[in-house]
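Inside the fold
The lines below spell out each chain.
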Amino acid sequence: MTLRPCTLLVVDEAESTLARLARALGPEDFCLRLASPGPEVGPLAREVDLVVWVARSAGEPSALEWLDKLLALEGPPGPPVVLLADRETRGVWLGALAQGIEVVFDPWDAEELRARVEKSLRTQARLTQLSNQVGELQRLSSTDGLTGVHNHRHFQERLREEFRRAQRYDDPLALILLDLDHFKQVNDRHGHTAGDGVLREVAAALQRSVRETDLVARYGGEEFAVLLPRTHLTGALSVAERVRRDLATLRVGPDGALLVTASLGVSSFPHRTVLSPEQLLLTADEALYRAKDEGRDRICLHSQMSLLPPSSSQGD
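Description of the structure in this document. Within every chain, residues take consecutive numbers counted from 1 along the sequence as written. This being a predicted model, a pLDDT of at least 70 is required before a residue's local features are given, and a value of 80 or more before pairs of side-chain atoms are given or counted; all residues contribute to the totals for chains, interfaces and linings. In computing side-chain properties, one takes all heavy atoms of the structure into account and sets aside hydrogens as well as water.

What to know about the sheet that holds strand β12 (residues 299–301)
What counts is decided by this rule: Any two strands are treated as partners once DSSP identifies two or more bridges connecting them. The helix count covers DSSP runs of H or I at least four residues long, the strand count covers runs of E at least two residues long, and both are numbered beginning at the N terminus. In this description, a line fitted to the C-alpha atoms serves as the axis of each element, helices being fitted only across the stretch in contact, and the angle between N-to-C directions of two axes falls anywhere from 0 to 180 degrees. Should any heavy atoms of two residues lie within 4.5 Å, those residues are considered in contact.
Pairing is mixed across the open sheet formed by 5 strands, whose spatial order is β7-β8-β6-β11-β12. Single-partner strands in this sheet number two, and they are β7 (215–220) and β12. Strand-to-strand, the axes of this sheet are offset by a mean angle of 25 degrees, without reference to chain direction. Relative to β12, strand β11 (residues 262–269) runs parallel, the two being bridged by 3 bridges. The residue of β12 that forms the bridge with Val266 is Leu301. Helix-sheet contacts for helix α6 (residues 152–169) involve β6 (173–180), β7, β8 (223–229) and β11, and the interaxial angle to β7 is about 130 degrees.

As structure tokens, this is what we get:
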């Protein structure tokens, strides 16, 4: 059925259950581990392929409680569960069936038990594959196909989310917009393939220059955005200077002979002229265009911005 033995966690008080299951399932396809019902079941369940829960009459309430906890594990889909039950434990196996758990009654038939275990594993494999596909689609929907950083749509969503969070918790928020200087000349002289390579290298350099909690996005063309949660204006300026300096040291293009410079505009919240995410974006955009008008390869603030007092919430 599989290329490796599947690991099954058997939740029961009696070690004799392991021997019975080993005989029924066959040791060549399944490795069995035993655990008593209790808090350790949750962490152990993340390490196995399937959980076999043995329900006994005296354990009806705890069995349902722990089955609920197993099914509610956060993160990727948890392991499937097969319940081994006496018919007298009616409340347990009815509750298990209602949750989609396979139930096998004791004394069990070996072929039926193996068939239900394998069915549960196949179903889990399909769910995991589907979950991975959904995750990949979500990643692709938020990623710029050329550079690998976030795309414009995702940036706009995160900008609104982070601005609402900053307002609610009275946190600072900063935004850097940057535009590569004279990028049209790169495309005209070296071709769009070389230009695409430059954009990819710039995007990678940006990601190296900021924190993991910051968001780098391709805003459009040769323009990028860096969103800096919990960062005051002074911290944003420090990040902007590091970005400008790091880009200036890049040697890009087919032969590593091209130099890159960028113009950067910085804006931040809180400020009297920044009352919405749109205003944060507009003020950073205004600063960016002023940086280009004043000679490029420089950082400018929005014209009505002034440095806030230093704070511990900075971008370094």
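Next comes the rest of the account.
Examining the packing of α6 against helix α10 (residues 277–293)
Our working rule: Polar here means any residue other than Ala, Val, Leu, Ile, Met, Phe, Trp, Tyr, Cys and Pro, which are nonpolar, and Asp, Glu, Lys and Arg, which are charged; Gly is therefore polar.
Orientation of α6 relative to α10, taken along the N-to-C sense of each, is 115 degrees, at an axis distance of 9 Å. Only Pro277, Leu280 and Leu281 of α10 make contact with α6, whose side of the interface consists of Phe155, Gln156, Leu159, Arg160 and Phe163. A breakdown of the residues in the contact of α6 with α10 according to their chemical character gives 6 nonpolar, 1 polar and 1 charged.

Concerning the pattern of salt bridges
Put simply, the rule is: A side-chain nitrogen of Lys or Arg and a carboxyl oxygen of Asp or Glu constitute a salt bridge if their distance falls within 4 Å.
A full pass over the atoms with the stated rule returns 19 salt bridges. A salt bridge links Asp214 to Arg211, with the nearest nitrogen and oxygen atoms 2.6 Å apart. Across the salt bridge formed by Arg244 and Glu241, the nearest N and O atoms sit 2.9 Å from each other. Here Arg244 pairs with Glu241, and both are found in helix α9 (residues 233–248), just 3 residues apart, close to one helical turn. Within the structure, one salt-bridge network assembled from shared partners comprises Glu102, Glu112, Arg116 and Lys119.

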